[in-house]
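Residue-level structural notes
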Protein chains: 2
Amino acid sequence: MPDVVVSPATTQEVVAVVKTCSKMQVPMIPYGGATSIEGHLLAPLGGCSIDFSRMNAVKRLSKEDHDVTVQPGLGYLELNEMLKEHGMWFPLDPGPGASLGGMCSCSCSGSTAVRYGTMKDNVLSMTVVLADGQEVKTSSRAKKSSAGYDLTRLFVGSEGTLGIITEVTLKIHKIPAYSNSVRVSFDSIDAAAKTVQDTLAAGIQIGRAELLDDTMVQVLNKANNTRHREATTLLFELSGESPGSVADAQRAVLALAKKRGGGKPHVATNPEECRELWRQRKEALWSLMGLYPELECMTTDVCVPVSRLSDLIGQSKRELDASRLPAPIVAHAGDGNFHALIMFDRTNPADVAEADRLSSFMVHKALEMEGTCTGEHGVGVGKIKYLPEEHGDGAMHTMRVIKRGLDPGGLMNPGKVLAHRRDPQTGRLVLCA
Amino acid sequence: MPDVVVSPATTQEVVAVVKTCSKMQVPMIPYGGATSIEGHLLAPLGGCSIDFSRMNAVKRLSKEDHDVTVQPGLGYLELNEMLKEHGMWFPLDPGPGASLGGMCSCSCSGSTAVRYGTMKDNVLSMTVVLADGQEVKTSSRAKKSSAGYDLTRLFVGSEGTLGIITEVTLKIHKIPAYSNSVRVSFDSIDAAAKTVQDTLAAGIQIGRAELLDDTMVQVLNKANNTRHREATTLLFELSGESPGSVADAQRAVLALAKKRGGGKPHVATNPEECRELWRQRKEALWSLMGLYPELECMTTDVCVPVSRLSDLIGQSKRELDASRLPAPIVAHAGDGNFHALIMFDRTNPADVAEADRLSSFMVHKALEMEGTCTGEHGVGVGKIKYLPEEHGDGAMHTMRVIKRGLDPGGLMNPGKVLAHRRDPQTGRLVLCA
Ligand SMILES: Cc1cc2nc3c(=O)[nH]c(=O)nc-3n(C[C@H](O)[C@H](O)[C@H](O)COP(=O)(O)OP(=O)(O)OC[C@H]3O[C@@H](n4cnc5c(N)ncnc54)[C@H](O)[C@@H]3O)c2cc1C
Ligand SMILES: Cc1cc2nc3c(=O)[nH]c(=O)nc-3n(C[C@H](O)[C@H](O)[C@H](O)COP(=O)(O)OP(=O)(O)OC[C@H]3O[C@@H](n4cnc5c(N)ncnc54)[C@H](O)[C@@H]3O)c2cc1C
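Within every chain, residues take consecutive numbers counted from 1 along the sequence as written. Working convention: letters from A go to chains and numbers from 1 go to ligands, in the order in which they are written. Only residues with pLDDT of 70 or above have their local features reported here, since the model is predicted, and side-chain atom pairs are shown and tallied only from 80 upward, although totals for entire chains, interfaces and linings are computed over all residues. For the side-chain quantities, the full set of heavy atoms in the structure was used; hydrogens and water were omitted.

**A few points about the UniProt feature "domain: FAD-binding PCMH-type" (unreviewed entry) in chain A**
UniProt positions are given in the numbering used here, feature names are shortened, and annotations may be inferred rather than shown by experiment. Summarizing the sequence annotation, UniProt attributes the feature "domain: FAD-binding PCMH-type" (unreviewed entry) to residues 1–175 of chain A in the numbering used throughout. Regarding residues 1–175 of chain A, the helix share stands at 24% and the strand share at 24%, and the terminal C-alpha atoms are separated by 41 Å. To qualify as a helix, a DSSP run of H or I must reach at least 4 residues; to qualify as a strand, a run of E must reach at least 2; elements of each kind are numbered from the N terminus.

The following block contains the structure:
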């Protein structure tokens, strides 16, 4: 727990907080929507939690340029409420409740990344306050720039460890005029994953391509009182600016699914039904937690080149099915990214050890397959131990050089992203070499 | 001029060169295709030019994952020759002759960025050798990752000043199955620029959207012996996976052009004719230099939010038309980026001053409009003077912290990107505060 919580209303107030904290050597932990899942918000040295709930305004909107400037405490759901009336949206969809500052910090993505990319592709510029209180404007509002080092992408994904975001300029997108959703089940993970791969290879424009394993369909059936076939299932969204382009894409996807043995597809064309389908998918975690109210969830987040996804999920599923812990799978299959939602009892050491074993099995397999330990959730404290294996000495050294240069006092969200040890003399956290 | 040129064949040889240079305090200047245009390759302190012409192999290709790993000396034209037989391409198209290492370093883009993005969006991972000889693998081969600071995007655009790229993994794309090109002329810059804006706002998928001013059409007519109307002209490419989607997009674009007073359009559907149209566009600079063999060209590269492009080109064109120097305009209009190609006589101080005046007029206007001094060519030495105005103190400070941390000896492409002064005692270049 932090020692104190402050709720600034302006960049200037953030600067004042940061200067005071720096002077008094108080750790600072920015706090957005609190939906992050790797211990990002923990305060191992106590310190000051900087809560952004008051900084939730939309500062400007340009329909012409398809961009918007917001304060970091604004939620993406609230932003989309506002954009809807202009026919626009910000498509990235992490946990409901997430704030745009937290989303920048974790470099999140979600089900639409296959079409729109991640935060790295959708942030034009930010204002960031450094540990010494200096304000940094990371970029202009131009769509592209080669004017020096890319500070925007350096701070996106830095999880509050390099600076505090006080303003964000985002690309926004037109809501597609036409959109269908397709649901199709398969006899194997392999057939489903290969269908997604075929779709990408064919250059078909898809809005989403999500995979549920049989266990997850079971969970969703129970939670939503539906009776879908309890087998590996793909959910596609196909969208575009003309009915013809959507129909072409849909036909092409269904033909590819059929080739891989896909069952009778269900096509949703009315907006209501599409929304409901994606709501159920988005709330998968909560459906699961509803079934096991006494357990907690450890969510894995590996991501591999798409061609390896089928193999990785296949191997993982053999381990998961053999385990006594319930652990359904959802995948952003078009990105090669999947989550196993491992349910365990934190008070039972055997459960904790088993959840850890499963998670670390998947990470090591993913790294063998040229993947990453985290496709979108970030490092926090949970993934620190895997970074050296993933990145190697040179990259870890480079990250430490950057951290030391920008936060010499180690006060910005201490103990996250990079490995630290506690100095026995001062009690402070020091970067490991 | 550098003192020595080395041509390594492997990453290991680059490491050996770098270690030797670091030990002996010799500046290192990586050398790719030499098409950069801001003095990127100058050797103000002499030193060692590292020529990548021998490191031009394709190391691996994955059609399934749409990615390829290459050595940095490979040209993008050569890469595309190889990819063609697989139905794939790497769409970014800077100066013919450019190498993929140089393209990473400059964060280049070109006419297809409106569809495929810039190098920042298309590099998955790189191997980089740091000043001390350490090798850095910047990322995995996964499509997305939140595993720590984004080193890939830090080195993309760093112009050889932070490290030397020895291997690059790139996203590649399917060559669209269907593709048309459209040429349409307008009575004003404003009508043409607004047409592009309307097209983007409508969410129409375009492959390219380039603008030529009347002077540039004149130049191209002379060089290619054509008789196009000498007025502001838009060139669109519309491409997709079905004839229907291309036809829909084309219809929509032509309707928007007509609304803005566009003339009778010319539509090219056969591949030969399309290729010829884009070849003429790509070789605009050389056509111009052919007409003025005794002059040199200063190319500007400002980029602004798309809504400001028409205003900026309009104001710029008034200055350019009033000047005695020939200066036609080409624009990557879909990105808000344009180049004035200012022809001048380097031996005539009045010419140099006038070219400088025009260039700096455009930069200052672009910065007033929330744009950047360089959309794609990079900083080199030519744009250093504009960076503080564009970025402000905080960002300049952050860039210097990174440069000092990763290149404490100041040996990596010295004097580029950031302002330096010469130390009168040692003769070396030192970062300005
Ligand atoms: C049900 C559920 C589903 C999810 N689905 C997805 C998904 O599909 N894709 C995905 O990517 N993620 C997903 N997530 C994870 C989570 O939603 C994302 O990581 C999200 O980006 C976190 O945003 P937040 O505002 O909640 O951040 P917080 O949890 O408040 O903070 C996250 C990190 O950002 C830092 N931070 C917050 N604000 C700032 C600021 N202003 N300046 C600097 N640093 C700041 C914090 O210090 C912390 O390190 C899911 C989570 C849940 C619970
Ligand atoms: C006719 C013409 C048209 C052009 N059109 C465009 C355009 O449309 N869009 C666009 O973006 N640009 C354009 N350019 C500019 C130019 O082509 C690009 O900047 C290109 O990216 C430079 O690549 P190069 O291999 O020629 O780099 P070089 O000129 O060899 O080097 C450029 C920089 O990269 C560094 N570098 C080279 N190799 C490495 C390496 N292996 N590791 C680290 N650093 C390295 C060099 O030190 C230097 O700082 C054009 C240029 C010309 C002449």
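**Overview of the site of ligand 1**
All names here are of chain A. If even one non-hydrogen atom of a residue comes within 4 Å of a molecule or strand, that residue is called near it. The full set close to ligand 1 counts 36 residues, and Pro30, Thr35, Ser36, Ser99 and Ser105 are the nearest of them. What qualifies as a polar contact is a pair of N or O atoms within 3.5 Å, subject to a donor-acceptor requirement within protein and to the restriction that residues adjacent in sequence count only when both atoms come from side chains. The backbone of Gly32 places a nitrogen or oxygen atom 2.7 Å from an oxygen atom of ligand 1. Ser99 places a polar side-chain atom, nitrogen or oxygen, 2.7 Å from an oxygen atom of ligand 1. Top contributing element to the shell around ligand 1 by residue count: helix α3 (residues 100–106), with 5 residues. When the residues that make up the shell around ligand 1 are grouped by side-chain class, the tally is 15 nonpolar, 17 polar and 4 charged. Counting residues domain by domain, the shell around ligand 1 receives three or more from each of domain 1 (4–174) and domain 2 (177–378). For this classification, Asp, Glu, Lys and Arg are treated as charged, while Ala, Val, Leu, Ile, Met, Phe, Trp, Tyr, Cys and Pro are nonpolar and the rest, including Gly, are polar. Domain start and stop points were drawn from an automatic or database domain assignment.

**Examining the domain arrangement of chain A**
All names here are of chain A. Looking at the assigned domains, one finds that chain A contains domain 1 (4–174) and domain 2 (177–378). Put simply, the middle of domain 1 and the middle of domain 2, counted by C-alpha atoms, are 28 Å apart. Taken together, the contact between domain 1 and domain 2 spans 19 residues of the former and 19 residues of the latter. Once two parts are put together, the accessible area they lose, assessed with a 1.4 Å probe and summed over both, is termed the buried area. Buried surface at the junction of domain 1 and domain 2, summed over both partners, amounts to about 1600 Å²; 49% is from carbon and sulfur atoms. Contact with domain 2 buries area across many residues of domain 1, yet Ser111, Val114 and Arg115 alone supply 37% of it, more than any other trio. Salt bridges are identified by distance alone: a Lys or Arg side-chain nitrogen within 4 Å of an Asp or Glu carboxyl oxygen. Where domain 1 touches domain 2, the interface holds 2 salt bridges. Ionic pairing is found between Glu241 and Lys174, a salt bridge with its closest N-O pair at 2.7 Å. On inspection of domain 1 and its partner domain 2, the count reaches 10 residue pairs in polar contact (both at pLDDT 80 or more). Top contributing element to the side of domain 1 that touches domain 2 by residue count: helix α4 (residues 113–116), with 3 residues. For the side of domain 1 that touches domain 2, the per-class residue count stands at 8 nonpolar, 6 polar and 5 charged. For this analysis, residues touch if any pair of their heavy atoms sits within 4.5 Å.

**Some points on the relation of the copies chain A and chain B**
Least-squares superposition aligns the copies on the C-alpha atoms of those residues with pLDDT at or above 70 in both. Structural alignment of chain A on chain B gives an RMSD of 0.0 Å, achieved by rotating through 180° and translating 0.0 Å along the axis. The symmetry that links the two subunits is that of a two-fold axis. The rotation axis passes nearest to the C-alpha of Ser245 of chain A in chain A, at a distance of 2.6 Å. Interface overlap between copies: 100% of the residues of chain A at the interface are likewise at the interface in chain B, consistent with a symmetric, same-surface contact.

**Quick notes on the interface of chain A and chain B**
Counting residues at the interface gives 84 residues for chain A and 84 residues for chain B. When chain A packs against chain B, close to 6300 Å² is buried across both sides, 56% of that on carbon and sulfur atoms. Put simply, chain A and chain B have 10 salt bridges between them. In this structure, Lys144 of chain A and Asp335 of chain B form a salt bridge, with 3.5 Å as the shortest nitrogen-oxygen distance.

**A look at the sheet that holds strand β14 (residues 266–268) of chain B**
Residue and element names in this part refer to chain B. Taken in spatial order, the 7 strands of this open sheet run β14-β11-β13-β12-β16-β17-β15, and their pairing is antiparallel. Where the open sheet ends on each side, the last strands, each with one partner, are β14 and β15 (296–299). Geometrically, the sheet is characterised by an average inter-axis angle of 20° between neighbouring strands, direction not taken into account. Across 3 bridges, strand β12 (residues 208–212) lies against strand β16 (residues 329–332) in antiparallel orientation. By the bridge assignment, Leu212 is partnered in β16 with Val330. Every axis corresponds to a line fitted to the C-alpha atoms, with the helix fit spanning only the stretch in contact, and the corresponding angles, defined between N-to-C directions, vary from 0 to 180 degrees. Where helix α7 (residues 189–201) meets the sheet, its contacts fall on β12 and β13 (233–240), and the angle it forms with β13 comes to roughly 20°. Two strands pair if DSSP finds at least two bridges between them.

**Some points on the pairing of strand β9 (residues 164–171) of chain B**
Residues and elements named next belong to chain B. Here's how the labels work: a residue is buried when its accessible area is under 20% of the maximum for its type, exposed when over 50%, partly exposed in between, all with a 1.4 Å probe on protein chains only. Burial of β9 is extensive: 6 of the 8 residues sit out of reach of the surface. Pairing of strand β5 (residues 67–70) with β9 involves 4 bridges; the strand directions are antiparallel. The partner of Asp67 across the bridge, within β9, is Lys171. When strand β7 (residues 123–129) meets β9, the two strands line up antiparallel, connected through 6 bridges. Counted as the bridge partner of Thr127 is Glu167 from β9.

**Here's the deal with the packing of aromatic side chains**
We call Phe, Tyr and Trp rings a pair once their centres come within 6.5 Å, taking the six-membered ring for Trp, and we label the pair stacked below 30 degrees between planes, edge-to-face above 60, and tilted otherwise. Following the criterion strictly, the structure yields 2 aromatic pairs over all chains and no others. Taken together, a centroid distance of 5.6 Å and an interplanar angle of 90° make the contact between Trp89 of chain B and Tyr116 of chain B edge-to-face. Remark: Tyr116 of chain B occurs in helix α4 (residues 113–116) and Trp89 of chain B occurs in strand β6 (residues 88–89); sequence separation between them is 27 residues. Take Trp89 of chain B: its relative accessible area is 16%, and that puts it in the buried class. For a Lys NZ or an Arg CZ to count as sitting over a ring, it must be within 6 Å of the ring centre and within 35 degrees of the ring normal. A cation over an aromatic ring shows up here: Arg208 of chain A above the ring of Trp278 of chain A, its NZ or CZ 4.7 Å from the ring centre.

**Focus: helix α1 (residues 11–23) of chain B**
All names here are of chain B. The end-to-end C-alpha separation of α1 is 18 Å, in line with the 18 Å expected for 13 residues at 1.5 Å each. When α1 is considered as a whole, its buried residues turn out to be Thr11, Val14, Val15, Val17, Val18 and Cys21. Projection of α1 onto a plane perpendicular to its axis shows the buried side chains occupying an angular sector of 165°, all on one side. Exposed side chains of α1 directed beyond 90 degrees from the buried face belong to Gln12 and Lys23. Phi turns positive, to about 55°, at Gln25, one or two residues after α1. Every helix has an expected span of 1.5 Å times one less than the residues it contains. The arc in question is traced by the directions running from the helix axis to the C-beta atoms.

**Details of helix α2 (residues 76–84) of chain B**
Residue and element names in this part refer to chain B. Listing the buried residues of α2 in full gives Tyr76, Leu79, Asn80 and Leu83. What you see down the axis of α2 is that its buried residues fit within an arc of 95°, all on one side. On its buried face, α2 sits against β4 (58–62), β5, β6, α3 (100–106) and β9.

**Quick notes on the confidence of the model for chain A**
Per-residue confidence from the predictor is reported as pLDDT, a score between 0 and 100. In the predicted model, chain A carries a mean pLDDT of 97, and 100% of its residues have values of at least 70. Reported for the predicted complex are a pTM of 0.97 and an ipTM of 0.96.

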